[in-house]
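Here are the chains, one letter per residue:
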Amino acid sequence: MNDDLDSTDDIQLSSLISGKRAPRHPDEDTADEDANRRIAIHRPLELETSSSLDIKLEKGRRRRFNRFIILFVALAAALLIIASLIWRVLPVNREQDNTAGGTMDSSKKDTVEDEPNPPILPDSIQIFYPPKTQQEIEALNAELSKFSDPIVTKEEFFRKTTLPPPPNYPDFTYTSDLHFTSKRTALLFAPGVYEGIDFEVAYYTSVLGLGAKPKDVTFTNCDKGPHVDAINKFTTRPPWGSGLDTFWRSVENIATNAREGMRWAASQAAPLRRVHVQSDLLLFEGDAWASGGVLANAIVDGQVNFGGQQQYLLRNVELKQGAVNGAWSLVFVGCTGETPSENSGLKSGPSISVDNFPKLRIEKPFITMKESGEFELRVPLAAFSQSNVLGSQFGGEEVRSFTGVKLGVPSTDGADNYLILQKALDEGKDLVLSPGEYPLAASLEVKYPNQVILGLGYATLKAPLNGSPCVLVHPKVPGVRIAGIMLEASVLTGTIPSSSLLQWGMPDVDDVGDSKNPGLLSDVFCRVGGASYDRHVSTEVMIQLYSGNIYGDNLWLWRADHVKLHPGEEANFPHISPYYRQTVMGECQVRNGMKVYGQAVTMVGLFIEHTTEDQLIWEGDNGYAAFYQCELPYDVDQSYADKSFVGYRIGPDVKIHTARGIGIYSNFRDFDVNVATAISHPESDGIVMSNLFTVYLDNQGKINSVVNGKGPSAVSESDRGRPFRCSDNTCSDDIGS
């Protein structure tokens with residue numbers, strides 16, 4: 001085409017995009033007028049020669065063809081632009097291109113209906129706003145006290161006895177009455193300053209700030225702010241109480257500046273993350289025992305005091321004034337500030353494991369609320385560079401509108417739960433599960449890259465009765481995030497080859513995963529038994545990972561060592577606890593906590609307890625574990641040891657594996673069991689294991705060595721609670737305190 005036609009094409013394209021009519025080119029107007037005049041004058045007379053008429057007709061055909069091409073190109077361009085605009089606002093997930101720092105659209109289903117935003121919240125989710133007056137402060141404190149654990153006052157407790165209350169007892173204690181309740185709660189706090197607010201965080205309760213950063217929701221001018229004290233102070237090692245069973249509660253995405261410091265005397269499945277503690281952080285109370293926990297992606301302006309915590313993990317924490325105390329093992333991954341120095345604990349404890357250069361970091365997704373009241377799902381990107389894998393990180397997330405997020409609300413009907421939630425996943429939406437219990441008729445299947453399943457307030461998925469997992473992530477689906485959920489075993493009525501609670505990948509599909517877009521398991525807590533009256537709940541293994549490049553961040557996989565009593569039932573071991581039945585052989589069956597087959601799997605903060613065979617089996621190469629806490633089962637007999645079961649097993653074909661801060665305990669309550677070794681791995685230069693230890697907790701039997709038959713063991717009752725250590729192929733019984 002000539003320059004005039006090219007110019008006309010540009011004008012018409014821009015006019016189509018803007019929705020206006022394009023002006024006609026002057027030459028086009030003149031040409032049309034001349035043609036019309038010629039047709040009107042010459043058609044009746046037909047005096048022109050055939051050759052001249054053919055030329056004019058050919059010019060007319062070319063002009064019409066050129067106009068058609070211009071119109072076609074303009075329409076196509078307009079349609080592409082409109083489609084692009086629609087795609088940008090649709091609530092679909094996008095596959096992260098971490099190398100370019102941008103997004104790459106993944107294939108999805110056809111356009112689907114938006115979810116409401118703001119979402120319609122069930123009663124299990126409560127939103128609070130900053131109080132403005134003293135009256136509002138008092139009203140908010142009174143409202144929040146309704147969500148705390150039940151209390152017993154000193155007068156109430158000693159009224160039942162003839163003994164006067166000892167003077168050193170506290171005025172009241174929180175209790176464990178809600179230990180196996182079905183109630184679940186998420187307490188959401190809108191951005192702002194909360195002055196004078198103090199409340200205890202109860203079982204199955206999550207405290208969640210709705211700001212983009214922790215300081216957007218700040219508790220100040222208060223004594224304790226959100227906190228957890230030791231429980232059962234009148235009945236468990238009085239007057240101190242206990243933190244050993246203080247499970248299933250969390251605080252995320254807030255700042256707190258309490259006069260007494262922030263107290264968090266809790267154990268497993270009770271994480272603190274995305275917090276800015278502007279005072280001291282106290283992870284204990286007095287002489288109350290506590291068994292370990294996780295602090296992740298945080299800033300602590302004061303000092304961290306572990307007290308008597310057995311094991312603890314700090315990941316990506318900025319320590320302004322250091323950390324002190326702790327019993328057996330402390331692990332620091334990606335921390336900055338006053339981080340303690342590495343210590344094997346061979347001469348004095350606790351052991352301190354420090355990883356200053358982690359290769360990977362993925363933070364848990366979280367929700368925020370805009371000033372308009374609309375909700376957002378924020379998905380932190382995987383970080384690989386040294387500047388991004390160290391210290392706290394608040395910002396840089398992918399922001400997704402809740403129009404593309406299905407807010408799940410539990411039903412007692414497993415079919416309803418499955419159909420509603422699976423439909424949303426099939427539509428390419430993310431899932432945020434409101435607090436509650438979700439029995440499932442079939443597995444929730446994740447099929448699209450970068451999809452998120454995020455539970456609030458310990459949302460609990462109950463396994464399908466045929467043994468299929470609660471969640472199945474398909475192979476070759478990178479960037480998936482599974483976070484903030486509990487997975488609970490059921491009484492199985494059918495069997496599949498290998499039942500589990502979560503499965504990632506397939507045994508017959510080779511899937512190395514995506515090293516640039518790994519998957520995430522964060523705050524995932526499995527349990528077999530405990531809350532069910534039926535002690536025949538079971539599964540073969542709790543978590544199976546067939547795919548590679550998965551990052552685990554705080555997982556507790558628990559075969560219940562104690563379960564809920566039937567109404568009127570008496571405790572079978574009342575000297576251990578009058579509140580629960582202690583699990584015995586044949587109840588709450590599960591063989592393994594986790595099996596890892598995938599390559600390049602990372603576990604930072606892994607707890608596995610009481611399964612009836614190997615606790616952990618790691619078959620995939622190039623694995624990494626920082627912080628592992630394990631208790632062997634209480635109720636097995638010597639056949640457990642005769643079959644050479646261990647707490648941590650690395651498969652015979654593994655060439656490269658790194659592990660640090662690995663603790664395995666024995667408490668053989670019912671039989672005298674002598675286990676040969678706690679940890680088993682092939683002898684290979686590529687397998688590096690540091691700061692390993694065993695502890696004889698109580699009762700009978702022992703673990704005879706730490707790793708591969710090497711290392712000391714307990715020899716008498718006096719060794720109770722004493723760690724026996726090996727590190728980097730060096731073992732010693734010169735432990736100290």
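Residues numbered from 1 in each chain as written. Predicted model: local features only at pLDDT ≥ 70, side-chain atom pairs only at ≥ 80, totals over all residues. Heavy atoms only, no water.

Asks: So what about the overall build of the chain? Which residues, and what values?
Replies: Broken down by element type, the chain carries eight helices and 50 strands. By the burial criterion, 57% of the 737 residues in the chain qualify as buried. Taking as baseline every contact in the chain between residues at least 6 positions apart, the subset at least 24 positions apart corresponds to 65%. Accessible surface, the chain: about 30,100 Å² in total, of which carbon and sulfur atoms supply 52%. (Helix = DSSP H or I, 4+ residues; strand = E, 2+ residues; numbered from the N terminus. Buried < 20%, exposed > 50% of the residue type's maximum accessible area, 1.4 Å probe, protein only. Contact = heavy atoms within 4.5 Å. Areas by Shrake-Rupley, 256 points an atom, 1.4 Å probe, with all protein chains shown as cover.)

Asks: How would you sum up unusual backbone geometry? Please name residues and give values.
Replies: Note on backbone geometry: most residues besides glycine have negative phi, and most peptide bonds are trans. At the junction of Asn 117 and Pro 118, the peptide bond is cis and its omega measures out at 10° in the coordinates. Relative to the assigned elements, Pro 118 resides in the loop between β2 (102-105) and β3 (125-128). Of note, the amide linkage connecting Gly 349 to Pro 350 takes the cis form, showing an omega dihedral of 0°. Position of Pro 350 relative to the elements: it lies in the loop between β21 (336-337) and β22 (351-355).

Asks: Break down the sheet that holds strand β33 (residues 502-504) for me, with residues and values.
Replies: In space, the eight strands of this open sheet follow the order β29-β31-β33-β35-β39-β41-β43-β46, with parallel pairing throughout. Only two strands of the sheet have a single neighbouring strand rather than two, namely β29 (444-446) and β46 (679-680). The pairing of strand β39 (residues 592-596) with strand β41 (residues 616-618) spans three bridges and is classified as parallel. The partner of Lys 595 across the bridge, within β41, is Ile 617. (Pairing = 2+ DSSP bridges.)

Asks: Explain the pairing of strand β49 (residues 723-727) to me, using residue names and the numbers behind them.
Replies: Buried residues dominate β49, accounting for five of its five residues. Burial of β49 is two-sided: the residues Pro 723, Arg 725 and Ser 727 facing one way and the residues Phe 724 and Cys 726 facing the other way are all buried. Of the strand pairs in this sheet, strand β47 (residues 687-696) and β49 are connected by four bridges, and their pairing is antiparallel. Pairing of Thr 694 across the sheet is with Phe 724, part of β49. Pairing analysis gives three bridges linking β49 to strand β50 (residues 730-732), with the strands arranged antiparallel. Note that in β50 the partner of Arg 725 across the bridge is Ser 732. Taking the residues between adjacent antiparallel strands as the criterion, β49 and β50 are bridged by two residues, where Asp 728 takes a positive phi near 50°.

Worth remembering: the numbers are spatial, not functional.
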